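# Working through the structure, step by step
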Amino acid sequence: MTLRHMRIFVSVYRHSNITRAAEELHLAQPSVSFAIRELENYYGIRLFERIGRHISPTESGKEFYGYALHIVSIFDEMEKKIRNWDFLGTVRIGASITIGTHILPVLLKSYQNLYPDLRTEVSIRHSAAIEQQIINNETDIGLIETQPNHPDIVSVPFMEDFLCCIVSVDHPLTKYRNITLEQLAEYPLLMREKGSAGREILDACFAFQHISIRPLWESSSTQSIVQGVAAGLGAAVLPFLLVKKDIEDHTVKTIPFDRPLTRNLNIIYHKSKYLTNNMKAFIELCKKYGTGTH
């Protein structure tokens, strides 16, 4: 039996009339009658009682209608969803902590205006974890703070961010217009945990200048570090996006480095990933955000 048989049966059942069903389906009346006979012969049952021009479903016909309607409805739903996948499907987006906290909400608001019926699943993790999700095809598009090293990952920069030094408002370093990493290393440091993007970059900068450090405090919570800095426990180097509000609120003070510690924020996806139109649209939104044209 084919889907065509099911559609014809459902239409005949609804109309209780062969002629009206044929008109609805744009078929010849004999074709509709023949399809119903084929169904009855195939299952060895009578689906309709025929009394003159009027037909009515038998008990087995009523039972069959429940299955046929379900089959036709599921197929129609599949057709609608697959043909309109860009608008009705699901996109999985991963983002690092900084991006997920300060950039992604703005991006998703604009994205949902473009695709209101599209389901967007979000994962906020460290950059390394987002890379692994891309490799495992658990995420379609990632936004991370590091440069991926895996050969199967495509990386596209979409904006620039920088790391800034923050201290308490009465810290000894506040007397300087700018500082070096050597000067910073002379004071207790509060740092993000190993594995975070900002920590990796900062460790690499210290290592490049052969500066040995031992942090006073390590935490996965940016706010706990900010509060520790504000209380005068030490200095910290964090992504500007994460501490911008604290600086503006004068909770902490920032001191520029003599050589800015800049970095690219990157869009990543697997090189074998088929980018649907909605994925391409999200990538374009990211690029516009990075250029300030959002």
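Residues numbered from 1 in each chain as written. Predicted model: local features only at pLDDT ≥ 70, side-chain atom pairs only at ≥ 80, totals over all residues. Heavy atoms only, no water.

## What to know about helix H4 (residues 59-83)
The end-to-end C-alpha distance of H4 is 36 Å, a good match for the 36 Å that 25 residues give at a rise of 1.5 Å each. Burial in H4 covers these residues: Gly61, Phe64, Tyr65, Ala68 and Val72. (Helix = DSSP H or I, 4+ residues; strand = E, 2+ residues; numbered from the N terminus. Expected span 1.5 Å × (residues − 1). Buried < 20%, exposed > 50% of the residue type's maximum accessible area, 1.4 Å probe, protein only.)

## Details of unusual backbone geometry
At Ser16, a position not held by glycine, the phi torsion is positive, near 50 degrees. With respect to the helices, strands and loops of the structure, Ser16 is situated in the loop between helix H1 (3-15) and helix H2 (18-25). Looking at Ser16, the relative accessible area reads 23%, which means it is partly exposed.

## A few points about the pattern of salt bridges
Under the definition given, this model contains 15 salt bridges. The partner of Glu193 in a salt bridge is Arg192, with the nearest N and O atoms 3.1 Å apart. Here Glu193 and Arg192 have matching classes, each one buried. Here the salt bridges share partners, and the residues they tie into one network are Lys194, Arg199, Asp203 and Glu218. (Salt bridge = Lys/Arg side-chain N within 4 Å of Asp/Glu carboxyl O.)

## Description of a nonpolar patch on the surface
Taken together, the side chains of Met1, Tyr42, Tyr43 and Ile45 make up a nonpolar region of the molecular surface, amounting to roughly 390 Å² of accessible area. Among the secondary structure elements, Met1 is positioned in the segment before H1. Since its relative accessible area comes to 39%, Met1 is described here as partly exposed. (Patch = residues over 30% accessible without salt bridge, like charges linked within 9 Å, V, L, I, M, F, W, Y side chains within 5 Å. Areas by Shrake-Rupley, 256 points an atom, 1.4 Å probe, with all protein chains shown as cover.)

## Considerations on the nonpolar core
Core analysis: the largest hydrophobic core is formed by 27 residues, its most contacted members being Ile103, Leu104, Leu107, Tyr111, Leu143, Phe158 and Phe282. Those elements that provide at least two residues to this core are strand S3 (90-95), helix H7 (104-114), strand S5 (141-144), strand S6 (153-167), strand S11 (261-270) and helix H13 (277-290). Broken down by element, the residue count for this core peaks at seven residues, all from H13. For Phe158, the residues in contact, after removing those within four places along its chain, are Ile99, Leu143, Leu265, Asn266, Ile267, Cys286, Lys287, Gly290 and Thr291. (Core = buried A, V, L, I, M, F, W, Y, C linked by side-chain atoms within 4.5 Å. Contact = heavy atoms within 4.5 Å.)

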